Structures are given as structure tokens and as C-alpha cells.
Amino acid sequence: MTLFHFVNCALLTFGPHVVYYSATPLSEYDTLGTSIKAAVVYLLTALIKLVCLATFLKVPENEGFDPYQEVMKVLIGLVDVAGLYFALTQLTHRNISQNHKFQAVGLGWAFADSVLHRLAPLWIGARGLEFTWEFIFQGLEANANLVMTLSLAALGSLMWLRKNKPRTLIPIIYACAFLLATMPSITSYLRKALEWQTREVVGFEIFSSLVMAFFSWQLFSACQRPL
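Predicted model, so just to flag it, every value in this text is computed and none were measured. (Residues numbered from 1 in each chain as written. Predicted model: local features only at pLDDT ≥ 70, side-chain atom pairs only at ≥ 80, totals over all residues. Heavy atoms only, no water.)

Asks: Report on the overall build of the protein, specifying residues and quantitative values.
Replies: Each helix and strand in the protein was counted, giving eight helices and zero strands. Listing the helices and strands of the protein from first to last along the sequence gives α-α-α-α-α-α-α-α. What you see for the protein is a C-alpha radius of gyration of 18 Å, in line with the 17 Å of a compact globule of 227 residues. C-alpha extents for the protein along the principal axes are approximately 55 × 40 × 30 Å. The proportion of buried residues among the 227 residues of the protein is 44%. Taking all contacts inside the protein whose residues are at least 6 apart in sequence as the whole, residues at least 24 apart take part in 79%. Put simply, the protein shows about 12,800 Å² of open surface, and 67% of that area lies on carbon and sulfur atoms. For the protein, the distance from the average site of its 16 positive side-chain charges to the average site of its 14 negative ones is 14 Å. (Helix = DSSP H or I, 4+ residues; strand = E, 2+ residues; numbered from the N terminus. Rg over C-alpha atoms; globule rule 2.2 N^0.38 Å. Buried < 20%, exposed > 50% of the residue type's maximum accessible area, 1.4 Å probe, protein only. Contact = heavy atoms within 4.5 Å. Areas by Shrake-Rupley, 256 points an atom, 1.4 Å probe, with all protein chains shown as cover. Lys, Arg positive; Asp, Glu negative; His and termini not counted. Charge placed at Lys NZ, Arg CZ, Asp CG, Glu CD.)

Right under this line is the structure:
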């Protein structure tokens, strides 16, 4: 039973990444190399963030919401944006379109994030003797993170790769990208300041990821139209 629970949670957490790659044109255009490069950039970015967090943040005395700490986390979290910029603009890609490039980068980025933050807890906790919903919610959270990362990569491709885009959409693109980049602090506020339970936070993440995906898709489609 414990092995069955672990396999189910692992499939829920990592399966959608594989399904997305196989079910989209990414597999046809052989963009696996781009996804792997993006995953490596994510790991380097995570290391830089870890050093910054250890340097600039103090160990909290309680679990409450500290505005100063959260502002610093937002600023340090912008390292992710810099990493995505590097992955989208500086890595050597095969001759693939902008549409496939941001998807490959976003997929590799999200998969590396899930492996780094969720594989060890799954391996240690999901094989326990007692069933818990925690790892089910963790898998759902990984799916929401995949959608958000793809949305952020799409907006990043518009900001850095798309030269000709409607001027009226530029502020909206940057606002949506900033909102996605600060989402970890928003969920932290919900957990600590408003004392939301895990199921409520995960529900919010799923809902907000779908909303941001819709806006990102609309912005990306609008920027593809000739001016």
C-alpha cells in the first residue's frame, strides 16, 4: 500500500511534465536538449538564490509573516527571472520557433524545480505507513507550478525575444510577469499572515495558474498578429 501511494504521488507530481512533452510538438522537434539546458540553468540559479538567502535573511524566530523578510525574498526571487532570461536568450538552441523555445525552457525549468523541492520529501514521506493528503496536494502544487512557469516563460519570450509587439500590451506583459515572479511570496502571505490551510493555498495556486495561463495565452496570441 505504501509503495502504491508513493507511485501515485510521484506520477501526479512528475507525470504531467512527461505527458506535456510527449503530447505537444516538443517531442517532434526534439527539444529535449533545450529542456535539459534550462534545467541546468535552474539548478545554478537555485544555488545562487540559496547563497543570497543565507547571506541576507536571518533565521526567523517564529512562523509569522515578516514583511521585511518577504520583500527580500521577492528581490532574491527575481534571480529566477534573470535565469529565465539567460535560458531564453543566451543558450544555444536548435532551429526551433519562439513558440517551442519558451515551452521547452519552461518545461525543463519546472521539472528541475519539482525534482529539487519535491522528490526527497516524496521518497521519505510518501512511503510511510500512514496515508496523508500532504503529498497529493504537493503533486497538485507541482502541476500549478508547471503552468505558472510556462506562463512566465511565455511572457519572458515576449519581453526579450519579440521585438515588434503592440505598445499598449507592454505594461500588461510586464505586470503579469512581475505577478508570476512574486507568487511564492503571495502564497507565503496566505499561509503565514492569513493562516490558510494547505488545501486552500493549493486551490488558490491552481486557480491563479489557470488565470495567468489564460492571460499569457491571450497576450502571446495578440503579439503574434501583424501590426
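Asks: Describe the pattern of salt bridges, naming the residues involved and giving the relevant values.
Replies: Evaluated as defined, the whole model comprises three salt bridges. The residue Asp80 makes a salt bridge to Lys49 at a minimum N-O spacing of 2.9 Å. Of the two residues, Asp80 sits in helix H3 (residues 67–89) while Lys49 sits in helix H2 (residues 32–56), which places them 31 residues apart along the sequence. With relative accessibility at 21%, the residue Lys49 sits in the partly exposed group. Where Glu141 meets Arg191, a salt bridge forms, and the shortest distance between an N and an O atom there is 3.3 Å. Here Arg191 lies in helix H7 (residues 183–192) and Glu141 lies in helix H5 (residues 134–160), a separation of 50 residues in the sequence. (Salt bridge = Lys/Arg side-chain N within 4 Å of Asp/Glu carboxyl O.)

Asks: Tell me about the UniProt feature "transmembrane region" (unreviewed entry) in the protein, and name the residues and values.
Replies: Residues given the UniProt feature "transmembrane region" (unreviewed entry) here are residues 39–59, 71–92, 168–190 and 202–220. Taken end to end, residues 168–190 is 87% helix and 0% strand, and its two terminal C-alpha atoms sit 32 Å from one another. The span residues 202–220 carries 100% helix and 0% strand; its end-to-end C-alpha distance comes to 26 Å. (UniProt positions renumbered as here; feature names shortened; annotations may be inferred.)

Asks: Any details on helix H4 (residues 98–125)? Residues and values, ideally.
Replies: For an α-helix the count is 3.6 residues per turn, leaving residues at separations of three or four pointing the same way. Compared with an ideal rise of 1.5 Å per residue, which puts 28 residues at 40 Å, H4 spans 40 Å between its outermost C-alpha atoms and is within 8% of the ideal. Residue Arg118 marks the point of greatest curvature in H4, where the axis turns by about 45 degrees; the proline Pro121 follows within four residues. (Expected span 1.5 Å × (residues − 1). Bend = angle between axes of the 7 residues up to and from the residue.)

Asks: Just give me the short version of unusual backbone geometry, but keep the residues and values in it.
Replies: You will see that Asp30, though not glycine, has its phi angle at about 55 degrees, which is positive. Following the sequence through the fold, Asp30 ends up in the loop between helix H1 (2–23) and H2. Positive phi values are uncommon outside glycine, yet Glu195 reaches one of about 60 degrees. On the secondary structure map, Glu195 appears in the loop between H7 and helix H8 (198–224).

Asks: Requested: an account of the packing of helix H6 (residues 170–181) against H7, with residues and values cited.
Replies: H7 packs onto H6 with a crossing angle of 50 degrees between their chain directions and a minimal axis gap of 4 Å. Classified by the interaxial angle, the pair formed by H6 and H7 is oblique. Along the contact surface, H6 presents Leu179, Leu180 and Ala181, while H7 presents Met183, Pro184 and Ile186. Partitioned by chemical class, the residues of the contact of H6 with H7 number six nonpolar, no polar and no charged. (Axes fitted to C-alpha atoms, helices over the stretch in contact; angles between N-to-C directions. Parallel < 35°, antiparallel > 145°, perpendicular 65-115°, else oblique. Nonpolar A, V, L, I, M, F, W, Y, C, P; charged D, E, K, R; others polar.)

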